[in-house]
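Structural features, examined
Chain by chain, the residues run as shown.
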Amino acid sequence: MDTITRETAAKLLIARSYAATGDTAAKLRHQADTVTPGQTIHLGKDQLVVR
């Protein structure tokens, strides 16, 4: 699995929230605010570990 920084993970989640609607967008924005090191982010088929 690839690793990304917390800041990059938050930016990716915010970007995905713009394409989402309703509850999904809100959940992605919340996840962007609370992302922590060691957490795995699932982006389509990719899994990224936050460092």
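Structural data are supplied above this passage.
Keep in mind the model is a prediction, meaning the values are calculated, not measured.

1. Some remarks on the packing of helix 1 (residues 6–19) against helix 2 (residues 22–34)
At a minimum axis separation of 8 Å, helix 1 and helix 2 run at an interaxial angle of 170°. By the criterion of interaxial angle, the relationship of helix 1 to helix 2 is roughly antiparallel. Contact with helix 1, carried on its side by Arg6, Ala10, Leu13, Ile14, Arg16 and Ser17, involves Ala25, Leu28, Arg29, Gln31, Ala32 and Asp33 of helix 2 and no other residues of that element. Of the residues contributing to the contact of helix 1 with helix 2, the split by class is six nonpolar, two polar and four charged.

2. Structural notes on the nonpolar core
Core analysis: the biggest nonpolar cluster contains eleven residues, these being Ile4, Ala9, Ala10, Leu13, Leu28, Ala32, Val35, Ile41, Leu43, Leu48 and Val50. Listing elements by their share of this core, those giving two or more residues are helix 1, helix 2, strand 2 (40–43) and strand 3 (46–50). Among the elements that make up this core, the one with the highest residue count is helix 1 (three residues). What Leu28 contacts, discounting residues up to four positions off in sequence, is Leu13, Arg16, Ser17 and Ala20.

3. Overview of the pairing of strand 3
Alignment of strand 1 (residues 2–4) against strand 3, held across three bridges, turns out to be parallel. Bridge pairing links Ile4 to Val50 in strand 3. A loop of two residues connects strand 2 with strand 3, the two strands running antiparallel in sequence, and Gly44 in this loop sits at a positive phi of about 65°.

4. Notes on the sheet that holds strand 2
Spatially, three strands are ordered 1-3-2 in an open sheet, and the strand pairing comes out mixed. Two strands lie at the open edges of the sheet, namely strand 1 and strand 2, each paired on one side alone. The mean angle between the axes of side-by-side strands here comes to 40°, regardless of whether they run parallel or antiparallel. Across the sheet, helix 1 touches strand 1, strand 2 and strand 3, and the angle it forms with strand 2 is around 35°.

So, how was this worked out
Residues numbered from 1 in each chain as written. Predicted model: local features only at pLDDT ≥ 70, side-chain atom pairs only at ≥ 80, totals over all residues. Heavy atoms only, no water. Axes fitted to C-alpha atoms, helices over the stretch in contact; angles between N-to-C directions. Helix = DSSP H or I, 4+ residues; strand = E, 2+ residues; numbered from the N terminus. Parallel < 35°, antiparallel > 145°, perpendicular 65-115°, else oblique. Contact = heavy atoms within 4.5 Å. Nonpolar A, V, L, I, M, F, W, Y, C, P; charged D, E, K, R; others polar. Core = buried A, V, L, I, M, F, W, Y, C linked by side-chain atoms within 4.5 Å. Buried < 20%, exposed > 50% of the residue type's maximum accessible area, 1.4 Å probe, protein only. Pairing = 2+ DSSP bridges.

All quantities given are derived from atomic positions and should not be read as evidence of function.
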